[in-house]
Amino acid sequence: MDHIFNKKMETLPRKKIRELQVKRLRETVHLVYENVPFYQRKFKELKITPDDIKTLDDVRKLPFTTKNDLRDNSPFGMMATSLKNCTELHASSGTTGIPVTVCYTPNDIEVWAEVMARCLSMSGLTKKDVFQNPIPYGTFTGAFGFHYGAQRVGAMVVPSGMGQSERQLKLMEYYGATFISGVASYAMRLSQVAQDIGIDLKKLKVRNGLFGAEMFTPGLKKRIMDAWDMDVHDIYGLTEMCGPGVSTDCDQHDGLHLWEDHFLIEILDPITLEPVEPEEEGEIVLTTITKEGMPLLRYRTRDIAKIYDQEVCECGRTHVKHTTIKGRSDDMIIIRGTNIYPGQIESVLMKNPSVGGNWRMVLSTDENGVDQLTVEVESKEHLSQIESKDLEKTLQAGIKSVIVFTPGVTVLPPNGIPQAGLKAKRVVDERKKE
Ligand code: DLL
């Protein structure tokens, strides 16, 4: 059951939220202007000073920050305080090279624990829960964020850490875990392993899960709910803001509440960088307004979503809601002139009960130089050749209806797709580049 962890802040009237945001935005702007050479240069180029920021709309005068800016100033060039004031460091996985590093002051950790406690309580965590945390403890923000938040709620944390699916399931059984966390595709993987080793998930005590860190379509969410017979919530976050804890869906399961007393959200057209119309889809751009270690102005997340034009949610919370992340603008692929987000394909796959937990899209170039798309997908159970062919045909037709052309589909046995690492790798691009 949904529980409000910090009633005063989570239900603050919108007018008060806006007043607090203006005050905190101005403080943040002063902080970075006085301490971060990168922002000093940007302010000079834009011919602005911190005193030009008086209202929330003035955020549009401020410079953007991109992942490349963070990499160019890596590891500590964007810090607004001395390293001696920091007590913890985390970094993004850095699949494309230099990791993005973030250092936290004790107050940054305090705020992170608070927002995580709000997200976890919203998903049903209470002090009575045994909370298993199957995420690697390391520089990745995931495990520590959940750990701090769950302890703040007062639950008992089982820090089960990385992988080893069989061990994770046995620990859940042994300690009677009631609430689990993780990377979305890993919950699916665990259910597949449970089936292989004969553990009936419905007999475990797990009744709630909070997952995120990668694309999380409503179809995948439903799959996890059904496999585990539990309620599932979606948590969004990124290393540059704190890690997990930026937003989560309440029991209405209709949008994620974003903690506006700590983050300022804009939804912009990723090309023009102008605000989109209300309830229109665009790129999430975030400004931290309470961070001390590495505050960021207008960070371009590349994540695509829209925000609801709604004052107060049925759950009583007043913080803005955004839709589930449709995908990253840089995950969108263009093939034969059609724009495709992996989420569109996942939505079709997850509706089919014969489909298992893992899938990926493989892009290649044929002998005529034409781009080809093959969707590889695991079946839930072992299938005969005829059954596999039938499933391939059904999925082909379903995918064609959302992406216009007919892709190749290959059905593989359960666990037939190699594990890619912490986060699922949905796009494998083997196209010949000019
Ligand atoms: O993935 C933090 C996190 C850990 C969030 C555990 C939730 C749970 P990064 O590794 O920096 O941080 O990756 C951030 O992951 O910009 C999104 O593209 C994607 N992402 C995170 N949460 C979701 C979600 C963590 N709920 C990047 N739905 C973000 C879709 C998500 N995408």
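### Some details on the environment of Thr126
Okay, so step 1: Along the chain, Thr126 turns up in the loop between helix H5 (106-122) and strand S3 (130-132).
Okay, so step 2: Its relative accessible area of 33% is what places Thr126 among the partly exposed residues.
Okay, so step 3: When the C-alpha atoms of Thr126 and Lys67 are compared, they prove to be 36 Å apart, with 59 residues separating the residues in sequence.
Okay, so step 4: Aside from chain neighbours lying at most four places away, what touches Thr126 is Val153 and Ala155.

### So, a nonpolar patch on the surface
Okay, so step 1: A grouping of Phe76, Leu83 and Leu89 is seen on the molecular surface, where their side chains present a nonpolar patch of about 240 Å² in accessible area.
Okay, so step 2: When you line up the elements, Leu83 lands in the loop between helix H4 (67-72) and strand S1 (88-91).

### Observations regarding helix H9 (residues 218-228)
Okay, so step 1: Listing the buried residues of H9 in full gives Leu220, Lys221, Arg223, Ile224 and Trp228. For H9, the buried positions fall inside an angular range of 160 degrees around the axis, keeping them on one side. Exposed side of H9, more than 90 degrees from the buried face: Pro218 and Lys222 are the residues found there.
Okay, so step 2: Positioned one or two residues after H9, Asp229 has a phi angle of 55 degrees, which is positive.

### Some remarks on the packing of helix H7 (residues 165-175) against helix H8 (residues 184-197)
The angle between the axes and the distance between the axes are what describe a pair of packed helices.
Okay, so step 1: At a closest axis distance of 9 Å, the pairing of H7 and H8 adopts a crossing angle of 85 degrees. Judged by the angle between their axes, H7 and H8 are roughly perpendicular. Contacts between H7 and H8 pair Ser165, Glu166, Gln168, Leu169 and Met172 from the former with Tyr186, Arg189, Leu190, Val193, Ala194 and Ile197 from the latter.
Okay, so step 2: Among the residues making up the contact of H7 with H8, the classes are represented as 7 nonpolar, 2 polar and 2 charged.

### Description of the domain arrangement of the protein
Size of an interface: often given as the accessible area lost when the parts come together.
Okay, so step 1: Domain annotation of the protein identifies domain 1 (1-331) and domain 2 (333-429).
Okay, so step 2: Placing a centre on the C-alpha atoms of domain 1 and another on those of domain 2 gives a separation of 29 Å.
Okay, so step 3: Between domain 1 and domain 2, the contact holds 22 residues from the first and 24 residues from the second.
Okay, so step 4: Between domain 1 and domain 2, a total of about 2,000 Å² is buried, with carbon and sulfur atoms accounting for 54% of that surface.
Okay, so step 5: Connecting domain 1 to domain 2 are 0 salt bridges.
Okay, so step 6: Linking domain 1 with domain 2 are 10 residue pairs in polar contact (both at pLDDT 80 or more), by the criterion used here.
Okay, so step 7: When residues of the side of domain 1 that touches domain 2 are traced back to their parent elements, those giving at least two are H8, H9 and strand S14 (327-328).
Okay, so step 8: For the side of domain 1 that touches domain 2, the element with the most residues is H8, which contributes 6 residues.

### Some remarks on the pattern of salt bridges
Okay, so step 1: Under the defined criterion, the tally for this structure stands at 23 salt bridges.
Okay, so step 2: Ionic pairing is found between Glu274 and Arg60, a salt bridge with its closest N-O pair at 2.8 Å. With Glu274 in the loop between strand S10 (263-268) and strand S11 (282-288) and Arg60 in the loop between helix H3 (37-45) and H4, the pair connects residues that are 214 residues apart, well separated along the chain.
Okay, so step 3: Accessibility expressed as a relative area gives 40% for Glu274, which makes it partly exposed.
Okay, so step 4: Judged by its relative accessible area of 46%, Arg60 is partly exposed.

Definitions and limits used
- Residues numbered from 1 in each chain as written.
- Predicted model: local features only at pLDDT ≥ 70, side-chain atom pairs only at ≥ 80, totals over all residues.
- Heavy atoms only, no water.
- Helix = DSSP H or I, 4+ residues; strand = E, 2+ residues; numbered from the N terminus.
- Buried < 20%, exposed > 50% of the residue type's maximum accessible area, 1.4 Å probe, protein only.
- Contact = heavy atoms within 4.5 Å.
- Patch = residues over 30% accessible without salt bridge, like charges linked within 9 Å, V, L, I, M, F, W, Y side chains within 5 Å.
- Areas by Shrake-Rupley, 256 points an atom, 1.4 Å probe, with all protein chains shown as cover.
- Salt bridge = Lys/Arg side-chain N within 4 Å of Asp/Glu carboxyl O.
- Arc of directions from axis to C-beta.
- Axes fitted to C-alpha atoms, helices over the stretch in contact; angles between N-to-C directions.
- Parallel < 35°, antiparallel > 145°, perpendicular 65-115°, else oblique.
- Nonpolar A, V, L, I, M, F, W, Y, C, P; charged D, E, K, R; others polar.
- Domains from an automatic or database assignment.
- Buried area = accessible area lost by both parts, 1.4 Å probe.
- Polar contact = N/O pair within 3.5 Å; in protein donor to acceptor, adjacent residues only side chain to side chain.

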